[in-house]
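# Geometric and topological summary
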Amino acid sequence: MKRKLLNLVLCFTLLSTCLFAETYSLFVKDGKYGLINQDRKIVVPAEYDWISVNDNSVIANKNHVTYIYNSSLKLLFQDSWLNYTFYSENEILIKASKDQLLNLETGVMTPFQRDDRYLIEFGYRDGTGLVWEKNSVGCLYSIVDRKGNVLLKDIDQATSFYKDGFIAVILKDGRSGFVNKKGKLVIETTFYIDPEDIGPRKEPVIGYAFNENYALVKNKDKKWIQFDKKGRSKELPISIEPVDPYYENGLVLIRDKRTKKFGYMNPKFEIVIPCQFDGARRFVGNYAVVVFRDKEAIIDKEGNVYLSKDLKSMSYNFF
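Here the structure is a predicted model, which is why all the values come from computation and not from measurement. (Residues numbered from 1 in each chain as written. Predicted model: local features only at pLDDT ≥ 70, side-chain atom pairs only at ≥ 80, totals over all residues. Heavy atoms only, no water.)

### Focus on the pairing of strand β6 (residues 65-70)
Counting buried positions along β6 gives six out of six residues, so the element sits mostly inside the fold. Side chains V65, Y67 and Y69 of β6 all project onto a buried face; the interleaved residues T66, I68 and N70 project onto the opposite face, where all are buried too. By the bridge criterion, six bridges tie strand β5 (residues 57-62) to β6 in an arrangement that is antiparallel. Residue pairing in the sheet places N61 in a bridge with T66 of β6. Here β5 hands over to β6 after two residues, with N63 in that stretch at a positive phi of 55°. Where β6 and strand β7 (residues 75-80) come together, five bridges link them in antiparallel fashion. The residue of β7 that forms the bridge with I68 is F77. Hairpin connection between β6 and β7: a loop of four residues separates the two successive antiparallel strands, and L73 in this loop has a positive phi of roughly 65°. (Buried < 20%, exposed > 50% of the residue type's maximum accessible area, 1.4 Å probe, protein only. Helix = DSSP H or I, 4+ residues; strand = E, 2+ residues; numbered from the N terminus. Pairing = 2+ DSSP bridges.)

### Structural notes on the side chain of Q157
Tracing the backbone shows Q157 in strand β16 (residues 150-158). A distance of 3.0 Å separates a polar atom in the side chain of Q157 from the backbone nitrogen of V205. Every residue in contact with Q157, bar those within four places of it in the chain, is listed here: Y141, A168, V169, I170, E203, P204, V205 and I206. (Polar contact = N/O pair within 3.5 Å; in protein donor to acceptor, adjacent residues only side chain to side chain. Contact = heavy atoms within 4.5 Å.)

### Some words on the sheet that holds strand β20 (residues 210-211)
Two strands in a sheet stick together by hydrogen bonds in their backbones, pointing the same way (parallel) or opposite ways (antiparallel). Taken in spatial order, the four strands of this open sheet run β20-β21-β22-β23, and their pairing is antiparallel. Sheet topology places β20 and β23 (233-235) at the edges, where each strand pairs with a single neighbour. Pairing between strand β22 (residues 224-228) and β23: three bridges, direction antiparallel. By the bridge assignment for β23, Q226 is matched with K234.

### Some remarks on the pairing of strand β18 (residues 176-179)
Along a regular strand, successive side chains alternate from one face of the sheet to the other. As defined by bridge partners, strand β17 (residues 167-171) adjoins β18 across four bridges and the pair is classed as antiparallel. Paired with A168 across the two strands is F178, which belongs to β18. Counted along the chain from β17 to the antiparallel partner β18, the turn is four residues long, and its residue G174 has a positive phi close to 100°. Taking the residues between adjacent antiparallel strands as the criterion, β18 and strand β19 (residues 185-188) are bridged by five residues, where G183 takes a positive phi near 80°.

### Quick look at the confidence of the model for the protein chain
With 85% of its residues at a pLDDT of 70 or more, the protein chain shows a mean pLDDT of 85. Contacts from residues 1-21, a stretch scored under 50 in pLDDT, to residues over four places away or in other chains number 80 contacts. (pLDDT = per-residue confidence, 0-100.)

### A few points about the nonpolar core
Within the largest apolar cluster, 25 residues are counted, with the highest numbers of intra-cluster contacts made by F178, F191, I206, F210 and M265. Looking at this core, the elements that each hand over two or more residues are β17, β21 (214-218), β22, β24 (240-248) and β25 (251-256). Sequence-distant contacts of F210, defined by excluding residues within four places in its chain, comprise K163, D164, F166, F178, I187, A215, F227, D228 and K229. In this structure, V28, V58, L73 and M314 belong to the second largest nonpolar core, which totals 18 residues. (Core = buried A, V, L, I, M, F, W, Y, C linked by side-chain atoms within 4.5 Å.)

### What about the environment of T159?
Within the secondary structure layout, T159 lies in the loop between β16 and β17. On the basis of relative accessibility, which here comes to 3%, the residue T159 falls in the buried class. Residues T159 and Y208, 49 residues apart in the sequence, show an inter-C-alpha distance of 6.9 Å. Reaching out from T159, the side chain makes a polar contact with the backbone oxygen of I206 at a distance of 3.5 Å. A polar contact of 3.0 Å, which involves the side chain of T159, links it to the backbone oxygen of Y208.

### Observations regarding unusual backbone geometry
Although it is not a glycine, W81 adopts a positive phi angle of roughly 50°. Tracing the backbone through its elements, the reader meets W81 in the loop between β7 and β8 (83-88). A residue is classified by how much of its surface remains accessible, and W81, at 67% relative accessible area, is exposed. Its identity as a non-glycine residue notwithstanding, D164 has a phi of 55°, on the positive side. You can see D164 is positioned in the loop between β16 and β17.

Structure, rendered in structure tokens:
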């Protein structure tokens with residue numbers, strides 16, 4: 001499954017420390033992205049190509065320049081055509097001629113020293129991460145802890161990093177499923193992978209992960225299955241399919257196979273927000289971007305629709 005980051009650029013120069021006391025969401029106007037607060041006030045105008053709102057950072061892009069901000073919206077780094085990855089909960093690995101680690105709390109950049117045994121590509125979560133072995137044949141992966149202890153090896157494919165304490169893997173011996181932080185395969189299942197993503201490469205291609213205690217998996221039979229953390233599973237109704245298979249705010253984006261319209265479902269498979277939208281994205285904060293009757297809009301968790309053209313800016317300016 002192809003996994004692409006949503007991107008967007010912010011150019012804040014003052015008053016940032018209070019902002020992340022609020023919850024921020026995306027909105028779209030004339031095809032460009034901006035940010036609103038929980039009161040649906042525009043705090044960043046829709047001028048940007050993409051934006052990613054994370055737990056402790058905002059990463060944004062405009063005209064091929066990527067900007068990295070911390071949780072208080074202080075600009076920490078910017079560069080053209082930036083190649084980066086989240087290395088840990090509080091660090092971003094800037095990949096360039098000289099790789100550096102950017103600390104999101106302090107803003108300090110330090111030289112990145114790779115382990116002699118491993119090519120660290122995908123970072124750690126809670127001290128456990130996925131690595132690609134330098135000398136391995138066929139792009140095999142291993143799971144290691146921060147001390148270099150190998151928890152699981154001979155991984156043929158995987159998700160990029162741990163989420164909710166699990167990572168999806170396909171082992172060289174043919175087994176597949178979700179591995180816990182001890183390196184144990186505790187939930188066995190199969191994964192459907194887009195044929196275009198299969199081939200000799202070192203990037204992980206499995207696009208399934210736990211989020212908010214559930215994982216939605218399309219198996220090799222192309223059936224959608226939901227797993228909880230105890231490995232209990234149930235099959236989704238055949239009339240719907242997840243579009244972005246990660247729960248946010250207790251809801252997941254789905255599409256009605258008959259009408260091709262988009263809506264949102266909870267883990268009980270109850271359609272909380274009807275499939276009535278021509279386009280939609282997963283929730284970011286309190287709101288989700290949708291296309292409603294051919295108009296750019298956002299919705300809240302109750303399904304109330306607010307047109308982008310009607311959103312108002314804050315009375316003060318952050319630029």
